[in-house]
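Observations on chain architecture
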Amino acid sequence: MTHYIIRRLLFAVPTLIAISFILFALLDLAPNDPTGQLPLTIPAEAREQIRESLGLGEAFHIRYAKWMEQFFVNEPLNLIERAFGVEIGASEERLRVRSWATRSPVVDLIIERLPQTLWVVGLSYLIGILIAIPIGIVSAYRQYSWFDQLGTFVSMIGFSVPTFFTGLLAIIVFSVTLQWLPSIYDTTHRVTDLSSFWVQIKQMAMPVMVLALFNAAQISRFMRAAVLDNLTQDYVRTARAKGLRERIVLFIHVLRNSLIPVVTLIALGIPTVFGGAIITEKIFRVNGIGELLITAIQGADIPLVQTLSFLFAVLIVIFNLIADVLYGILDPRIRYG
Amino acid sequence: MSRAAGRSPVLSVRELCTRFRIQGGGLVHAVNGISFDLHAGELLGVVGESGSGKSVTMLSLLKLLPMPPAEIASGQALLDGEDLLALNPARLRHVRGAKVGFIFQDPMASLNPVLSVGYQLTEPLRLHLGLGRRAARRRAAALLEGVGIPAAESRLGDFPHQFSGGMRQRVMIAMALACDPKVLIADEPTTALDATIQAQILDLLQRLRRERGMAIVWITHDLGVVAGLADRVMVMYGGQAVERADVRSLYARPQHPYTRSLLRALPKLEGGSSGERLASIPGQPPTLVQAPDACSFAPRCAHAFARCRAENPALAPVTEGHEVACWYDADAGVPRAA
Ligand SMILES: Nc1ncnc2c1ncn2[C@@H]1O[C@H](COP(=O)(O)OP(=O)(O)OP(=O)(O)O)[C@@H](O)[C@H]1O
Ligand code: SF4
Ligand SMILES: [Mg+2]
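The present account deals with the structure reproduced in this document.

The rules we used
Residues numbered from 1 in each chain as written. Chains lettered and ligands numbered in written order. Predicted model: local features only at pLDDT ≥ 70, side-chain atom pairs only at ≥ 80, totals over all residues. Heavy atoms only, no water. Near = heavy atom within 4 Å. Nonpolar A, V, L, I, M, F, W, Y, C, P; charged D, E, K, R; others polar. 1 Å grid on protein atoms, 1.4 Å probe; cavity = no way out; pocket = protein on both sides within 12 Å on 5 of 7 lines; lining within 4 Å. Points joined across faces, edges and corners; volume = space filled by probe spheres on them. Helix = DSSP H or I, 4+ residues; strand = E, 2+ residues; numbered from the N terminus. Axes fitted to C-alpha atoms, helices over the stretch in contact; angles between N-to-C directions. Parallel < 35°, antiparallel > 145°, perpendicular 65-115°, else oblique. Left-handed = near helix turned anticlockwise from the far one by under 90°. Contact = heavy atoms within 4.5 Å. Donors = N, O, S within 2.8 Å, 3.2 Å for Na, K, Ca; no water. Buried < 20%, exposed > 50% of the residue type's maximum accessible area, 1.4 Å probe, protein only. Polar contact = N/O pair within 3.5 Å; in protein donor to acceptor, adjacent residues only side chain to side chain. Areas by Shrake-Rupley, 256 points an atom, 1.4 Å probe, with all protein chains shown as cover. Buried area = accessible area lost by both parts, 1.4 Å probe. Salt bridge = Lys/Arg side-chain N within 4 Å of Asp/Glu carboxyl O. Patch = residues over 30% accessible without salt bridge, like charges linked within 9 Å, V, L, I, M, F, W, Y side chains within 5 Å. Lys, Arg positive; Asp, Glu negative; His and termini not counted. Charge placed at Lys NZ, Arg CZ, Asp CG, Glu CD. Expected span 1.5 Å × (residues − 1). Arc of directions from axis to C-beta. Pairing = 2+ DSSP bridges. Phe/Tyr/Trp six-rings, centres within 6.5 Å; stacked < 30°, edge-to-face > 60°.

1. What to know about the site of ligand 2
- Around ligand 2 there are 13 residues in total, and Cys-295, Cys-301, Cys-308, Cys-326 and Trp-327 of chain B lie nearest to it.
- Split by residue class, the shell around ligand 2 holds 11 nonpolar, two polar and no charged.

2. Considerations on the layout of surface pockets
- Its volume calculated, the largest pocket comes out at about 1100 Å³.
- Together, 32 residues line the largest pocket, and Arg-240 of chain A together with Leu-65, Pro-66, Met-67 and Pro-68 of chain B are the ones closest to its centre.
- Where the lining of the largest pocket is concerned, the elements lending two or more residues are α4 (106–141), α7 (194–231) and α8 (234–241) of chain A together with β4 (70–79) and α2 (89–95) of chain B.
- Ranked by residue count, the leading element in the lining of the largest pocket is α8 of chain A, at four residues.
- Looking at side-chain class alone, the lining of the largest pocket contains 18 nonpolar, four polar and 10 charged residues.

3. Quick notes on the packing of helix α11 (residues 289–298) of chain A against helix α12 (residues 302–330) of chain A
Residues and elements named next belong to chain A.
- Between α11 and α12, whose axes approach to 9 Å, the crossing angle comes to 140°. Viewed along their axes, α11 and α12 adopt a mutual orientation that is oblique. The hand of the α11/α12 crossing is left-handed. Contacts between α11 and α12 pair Ile-289, Leu-292, Leu-293, Ala-296 and Ile-297 from the former with Leu-304, Val-305, Leu-308 and Phe-312 from the latter.
- When the residues that make up the contact of α11 with α12 are grouped by side-chain class, the tally is nine nonpolar, no polar and no charged.

4. Topic: the coordination of the magnesium ion (ligand 3)
Residues and elements named next belong to chain B.
- Here the magnesium ion (ligand 3) is held by the protein donor atoms Ser-55 (OG) and Gln-105 (OE1), which lie 1.9 to 2.4 Å from it. In this pair, Ser-55 sits in helix α1 (residues 54–61) while Gln-105 sits in the loop between β6 (100–103) and α3 (117–128), placing the two residues 50 residues apart along the sequence.
- Gln-105 sits in the partly exposed class, given a relative accessible area of 38%.

5. Thoughts on the packing of α8 of chain A against helix α9 (residues 246–275) of chain A
Residue and element names in this part refer to chain A.
- The interhelical angle for the contact between α8 and α9, taken along N-to-C directions, is 150°, at an axis separation of 10 Å. Judged by the angle between their axes, α8 and α9 are roughly antiparallel. By crossing handedness, the relation of α8 to α9 is classed as right-handed. For the pair α8 and α9, contact is made by Tyr-235, Val-236, Ala-239 and Arg-240 and by Glu-246, Val-249, His-253, Val-254 and Asn-257, respectively.
- In terms of residue class, the contact of α8 with α9 is built from five nonpolar, two polar and two charged.

6. Some thoughts on α1 of chain B
All names here are of chain B.
- Taken across its eight residues, α1 has eight buried, putting it largely inside the fold.
- Along α1, the residues classified as buried are Lys-54, Ser-55, Val-56, Thr-57, Met-58, Leu-59, Ser-60 and Leu-61.
- Lys-63 lies just past α1 and shows a positive phi near 50°.

7. Section: the site of ligand 1
All names here are of chain B.
- The environment of ligand 1 is made up of 15 residues, and the closest members are Ser-50, Lys-54, Ser-55, Val-56 and Gln-105.
- Within the side chain of Ser-55, an N or O atom sits 2.7 Å from an oxygen atom of ligand 1.
- Gln-105 is positioned with one of its side-chain polar atoms (N or O) 2.7 Å from an oxygen atom of ligand 1.
- Taken by itself ligand 1 offers 640 Å² of open surface, and the protein chains cover 69% of this.
- The dominant element in the shell around ligand 1, judged by the number of residues it contributes, is α1, at three residues.

8. A closer look at the interface of chain A and chain B
- Of the residues lining the interface, 21 residues belong to chain A; the matching set on chain B comes to 26 residues.
- Buried surface at the junction of chain A and chain B, summed over both partners, amounts to about 2200 Å²; 61% is from carbon and sulfur atoms.
- A per-residue breakdown of the area chain A buries against chain B is headed by Arg-237, Ala-241 and Lys-242 of chain A, which together make up 28% of the total.
- Where chain A touches chain B, the interface holds one salt bridge.
- Note that Lys-242 of chain A is salt-bridged to Glu-123 of chain B, the shortest N-O span being 2.7 Å.
- The interface formed by chain A and chain B holds 10 residue pairs in polar contact (both at pLDDT 80 or more) in total.
- Here the residues of the side of chain A that touches chain B are counted per class, giving nine nonpolar, four polar and eight charged.

9. A short note on a positive patch on the surface
Residues and elements named next belong to chain B.
- A surface patch of positive charge is lined by Arg-126, Arg-133, Arg-134 and Arg-138.
- Looking at the positive patch, the element that brings in the most residues is helix α4 (residues 133–146), giving three residues.
- In this structure, Arg-126 sits in helix α3.
- The exposure class of Arg-126 is partly exposed, given its relative accessible area of 41%.

10. Quick notes on helix α5 (residues 146–160) of chain A
Residue and element names in this part refer to chain A.
- With 15 residues, α5 should reach 21 Å at 1.5 Å per residue; the first-to-last C-alpha distance of 21 Å fits that figure.
- Within α5, burial applies to Asp-148, Gly-151, Ser-155 and Gly-158. The buried residues of α5 occupy one face: seen down the axis, they fall within an arc of 90°. Counted as exposed and oriented over 90 degrees from the buried face of α5: Trp-146 and Ser-160.
- Where α5 is buried, its residues touch α4 and α7.

11. Let's talk about the sheet that holds strand β3 (residues 43–47) of chain B
Residues and elements named next belong to chain B.
- The strand order across the open sheet formed by eight strands is β6-β7-β8-β3-β9-β10-β12-β11, and the pairing between neighbours is mixed. Lying at the two open borders of the sheet, with one neighbouring strand each, are β6 and β11 (316–319). Going from strand to strand, the sheet's axes swing by 20° on average, the running direction of each strand aside.
- Where β3 and strand β8 (residues 215–219) come together, four bridges link them in parallel fashion. Bridging from a neighbouring strand, Gly-45 pairs with Trp-218 of β8.
- Running at roughly 170° to β6, helix α6 (residues 165–177) makes contact with β6 and β7 (183–187) of the sheet.

12. Examining empty space enclosed by the protein
- Counted under the stated rule, the structure contains six cavities of 30 Å³ or more.
- Lining the largest cavity are 13 residues, with Ala-241 and Lys-242 of chain A together with Phe-102, Met-175 and Ala-176 of chain B sitting closest to its centre.
- The biggest single contributor to the lining of the largest cavity is α6 of chain B, with three residues.

13. Things to note about the pattern of salt bridges
- Throughout the structure, instances matching the rule amount to 24 salt bridges over all chains.
- For Lys-182 of chain B, the salt bridge is made with Asp-80 of chain B, and the minimal N-O distance between the two is 2.6 Å. Separated by 102 residues along the polypeptide, Lys-182 of chain B in the loop between α6 and β7 and Asp-80 of chain B in the loop between β4 and β5 (82–83) bring together distant segments of the chain.
- You can call Lys-182 of chain B partly exposed: its relative accessible area is 37%.
- In the salt-bridge network here, residues are joined through shared partners; they are Glu-75, Arg-82, Arg-96 and Asp-108 of chain A.

14. With respect to the pairing of β6 of chain B
All names here are of chain B.
- Alternating residues of β6 divide into Val-100 and Phe-102 and Gly-101 and Ile-103, and every residue in both groups is buried.
- As judged from the four bridges shared by β6 and β7, these two strands associate in the parallel manner. Bridging from a neighbouring strand, Gly-101 pairs with Leu-184 of β7.

15. What about the packing of aromatic side chains?
Residues and elements named next belong to chain A.
- A full pass over the atoms with the stated rule returns 17 aromatic pairs over all chains.
- Seen in terms of ring centroids, Trp-67 and Phe-71 are 6.2 Å apart; in terms of plane orientation they differ by 50°. Their pairing is tilted. Linking Trp-67 with Phe-71, this pair stays in helix α3 (residues 60–84), spanning four residues, or about one helical turn.
- Assessed through its relative accessible area of 3%, Trp-67 is described here as buried.

The structure is reproduced here in structure tokens:
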């Protein structure tokens, strides 16, 4: 098992290097100019100076190397300093990836946006999982019952109707018609007491529910399929032949086996939480990571786009690894294989 | 070893009918009115070609078939005077694994891949015998030793995939024997085992029969094993019992044309040679789409005559302890008197 993890880790390094290079090169080749948005009255020399100050005068490979250094050395050091309140070396002089649009360090922008995304998107993922697993189990155990039929119908809707539609529908129903919930997420809102907490709950309710429905639809179908697949296995008959209660047959024998693929799927889906749900964030004006990425792309803020996309790539690789390890932990055939 | 005439049987199955409701509304009449008695210490061999309903019959007794599509249309299965088919689920659970042990046909898929063998083996012990963790593990190790798994204690933590096919089959056997059942149903229990281990398992079962009076139903294709092991034999065809007899009588004077062709295809009858599989007989087994209203062997029978295609013969005694369901008297070479 350890051997297996080490091998996978070693394999992740060249993968990430290749991804970083492709991302950097692709976006670097894009015909974009950090001074393009500036007023035309600004003279050419001034524009050149701005470019120089952003490090654009240097050769491609130097810029790539610097970017990598910033990503893997400088910014992690900054984070450590921030977390533990220590200072390692000359932290003021450390080069940082800066946004073209705001001139502030990209990582600071991300950190600023992360809590909103984690709260809204993360919570919706968690709620989605908590709803989906019991529904999947019951739907499979009572296959073709009214519960299963209803579950199939609802998850088909959750699955196939895009979140921009369910989101807008929710806004029309709950904000416009009923006026129960605010349609815009107020990021500056601070929770200080019970009533402000209630306001927070209300503003989170719609985006969380819209996303949770989507996540639950996907995961519950997957869970149902996994349980169904296992219920017809011979070992289930063996368990029943021992005189075990149905509850034990289901929750110990069947569930253990069914969760293996589902846990893997859930782990693989976690990077999308960090990626934010771009559309949902846009609709409810939750200015999280997804919103940040969209704005960066629209404003041709190349450093921000490069860093965000690479960050997602790193997360995807990491969670792939975690999924593999979980698989090994849950399935003895792999653990001892 | 001989049948205890007069004593009441441990298990008494009467007119069991099981069918499957298949997609499109059709029915498969898998078991059509099977009856048999099983006495303490007795071994009943059940033979018949593939699809003749051997497994479905036995699985019906403990309701271990997927329902739907299976449904038990009628019948009784009295165990100690209690009808298993009429028990509520909670009562049935007290029978499963405790009074009736089951060894399944496919040992590879019959163990849970993610639970340790020790856990799976201690489950019935803790449930039915109320043993604690320690005691259950000790007994589990003893059971594994009993079926010839060396260093059993140290293997309790292993998972099924760490055992060979034959060892998994032995784990299944140990599991079925765990709570000292009165009745053991063994569905082709020794197919994956080599001759030495097979002999060891047979020894163990013979001992349990003698010492504890365990009654065994032994489903097999291996007529050699049946000849050497069984007290009585039931021959099945198309979901029906076509012949039922003491083992000597059956091998000495087989009555049913189907049984005869099975035995004819067996080169050495005496000597208990094992490894002889059922020979294939020309023709197709019945489709079972309708309940039999004629002899289901008729399309393949050399002796078939008009009555065979009009009326389904019921089991009727020919001699003491020997019954056959056939309109033709094989010994005399003429149709039976109507
Ligand atoms: N789930 C099912 N749905 C429909 N028909 C079934 C189902 N299970 C079994 N049958 C049918 O029931 C009949 C009896 O099957 P059974 O498994 O009892 O045969 P068997 O005598 O045990 O054969 P084998 O020697 O191959 O194990 C077969 O015709 C089979 O097609
Ligand atoms: S009843 Fe007729 S068809 Fe059936 S086995 Fe006997 S002789 Fe053959
Ligand atoms: Mg079978």
